[in-house]
Amino acid sequence: MAFAISSLVSKKDKFNMVHIQNATLAGGVAVGTSADMMIQPWGAILIGMTAGIISVIGFTWITPFMGHKLKIHDTCGVNNLHGMPAILAAIVSAVAAALATHEQYGDGLYGGFPMRAPTNTSHLEGDISPGEDWTAGKQAGHQLAALMVTLLIAVVGGSLTGLFLKIPLCDPPRDNQMFDDDDYWDVPEDEGYLLTTQGNASKNGESRM
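I will try to describe carefully the structure that is included in this document. For clarity, every value in this text was computed on a predicted model and none was experimentally measured.

Criteria and thresholds
- Residues numbered from 1 in each chain as written.
- Predicted model: local features only at pLDDT ≥ 70, side-chain atom pairs only at ≥ 80, totals over all residues.
- Heavy atoms only, no water.
- Helix = DSSP H or I, 4+ residues; strand = E, 2+ residues; numbered from the N terminus.
- Contact = heavy atoms within 4.5 Å.
- Axes fitted to C-alpha atoms, helices over the stretch in contact; angles between N-to-C directions.
- Parallel < 35°, antiparallel > 145°, perpendicular 65-115°, else oblique.
- Left-handed = near helix turned anticlockwise from the far one by under 90°.
- Nonpolar A, V, L, I, M, F, W, Y, C, P; charged D, E, K, R; others polar.
- Patch = residues over 30% accessible without salt bridge, like charges linked within 9 Å, V, L, I, M, F, W, Y side chains within 5 Å.
- Areas by Shrake-Rupley, 256 points an atom, 1.4 Å probe, with all protein chains shown as cover.
- Salt bridge = Lys/Arg side-chain N within 4 Å of Asp/Glu carboxyl O.
- Phe/Tyr/Trp six-rings, centres within 6.5 Å; stacked < 30°, edge-to-face > 60°.
- Core = buried A, V, L, I, M, F, W, Y, C linked by side-chain atoms within 4.5 Å.
- Buried < 20%, exposed > 50% of the residue type's maximum accessible area, 1.4 Å probe, protein only.
- Expected span 1.5 Å × (residues − 1).
- Polar contact = N/O pair within 3.5 Å; in protein donor to acceptor, adjacent residues only side chain to side chain.

1. Overview of the side chain of His 19
Step number 1: Tracing the backbone shows His 19 in helix α2 (residues 17-31).
Step number 2: Leave out the neighbours within four places in its chain, and His 19 touches Ser 6, Val 9, Val 56, Phe 59 and Thr 60.

See the structure below:
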């Protein structure tokens, strides 16, 4: 699916390697929260295809929009690989939790969703701790609530970090330093220069012999 969408959005009908590489990983991100649930093979395929589509769309339209309109620079396309697929994963986990039944999982249901266990577990086999007898719907609601809390922490925490790094005390980099690491890192010489230097050294060694 990632290959198909990448070709469709390309002006030259060609594949974009950035799309393919990131969409492949996005599928794993999206299925991560429901990997231990009974989503069935067709469900895993559907989740992976959706994540691939979202990732390609992100690189094609959302990242440029964020950069030009919102002035948010996504250096490595993290939103397309981890951000949006992770939101999809949280939604999938809520759907899977809402559909989970004791008939499907048996007593193993209470291992994945401890709060769904009955308050009295003496009649159950195995070492199952008492829960609060949550319904499937309540469990799904808490899954979505966790998504909202995570997004809140990410937005507030990221914003505060950005504001803190902009104060003069932190010596924020100037615009012309954004992609130049020389001020903070020991950067190796240009690869071409190193190859030329090594080649000259080899020739000098041969001439001495």
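2. Section: the packing of helix α1 (residues 2-9) against helix α3 (residues 40-68)
Step number 1: α3 packs onto α1 with a crossing angle of 25° between their chain directions and a minimal axis gap of 9 Å. Taken as axis vectors, α1 and α3 run roughly parallel relative to one another. In the crossing of α1 with α3, the sense of the turn from one axis to the other is right-handed. On α3, the residues touching Ala 2, Ile 5, Ser 6 and Val 9 of α1 are Ile 53, Val 56, Thr 60 and Trp 61.
Step number 2: A per-class count over the contact of α1 with α3 returns six nonpolar, two polar and no charged.

3. Brief notes about a nonpolar patch on the surface
Step number 1: Among the surface-exposed residues, Ile 87, Ile 91, Val 95, Leu 99, Leu 144, Met 148 and Leu 151 lie close enough to one another that they form a single nonpolar patch of about 590 Å² accessible area.
Step number 2: Taken together, the elements giving at least two residues each to the nonpolar patch come down to α4 (78-99) and α7 (136-165).
Step number 3: Ranked by residues supplied to the nonpolar patch, first place goes to α4 with four residues.
Step number 4: As for its placement among the helices and strands, Leu 151 is situated in helix α7.

4. Here we look at the packing of aromatic side chains
Step number 1: Counted under the stated rule, the structure contains one aromatic pair.
Step number 2: For the pair Phe 3 and Phe 15, a centre-to-centre distance of 5.0 Å together with 90° between the ring planes defines the contact as edge-to-face. Taken together, the residues span a long stretch of sequence, with Phe 3 in helix α1 and Phe 15 in the loop between α1 and α2 at a distance of twelve residues.

5. Here's the deal with the nonpolar core
Step number 1: Judged by nonpolar contacts, the single largest core of 19 residues is most densely connected at Met 37, Leu 109, Tyr 110 and Phe 113.
Step number 2: Top element by residues in this core is α4. It accounts for five residues.

6. Topic: α2
Step number 1: Its 15 residues place the ends of α2 22 Å apart at the C-alpha level, agreeing with the 21 Å of an ideal helix rising 1.5 Å per residue.
Step number 2: All of the buried residues in α2 are His 19, Ile 20, Asn 22, Ala 23, Ala 26, Gly 27 and Ala 30.
Step number 3: Elements that come into contact with the buried residues of α2 comprise α1, α3 and α4.
Step number 4: The backbone nitrogen of Val 18 lies 2.8 Å from a side-chain oxygen of the residue at the head of α2, namely Asn 16.

7. Digging into the environment of His 102
Step number 1: In this fold, His 102 is placed in helix α5 (residues 102-105).
Step number 2: In this structure the C-alpha to C-alpha distance between His 102 and Arg 116, which are 14 residues apart in sequence, comes to 9.9 Å.

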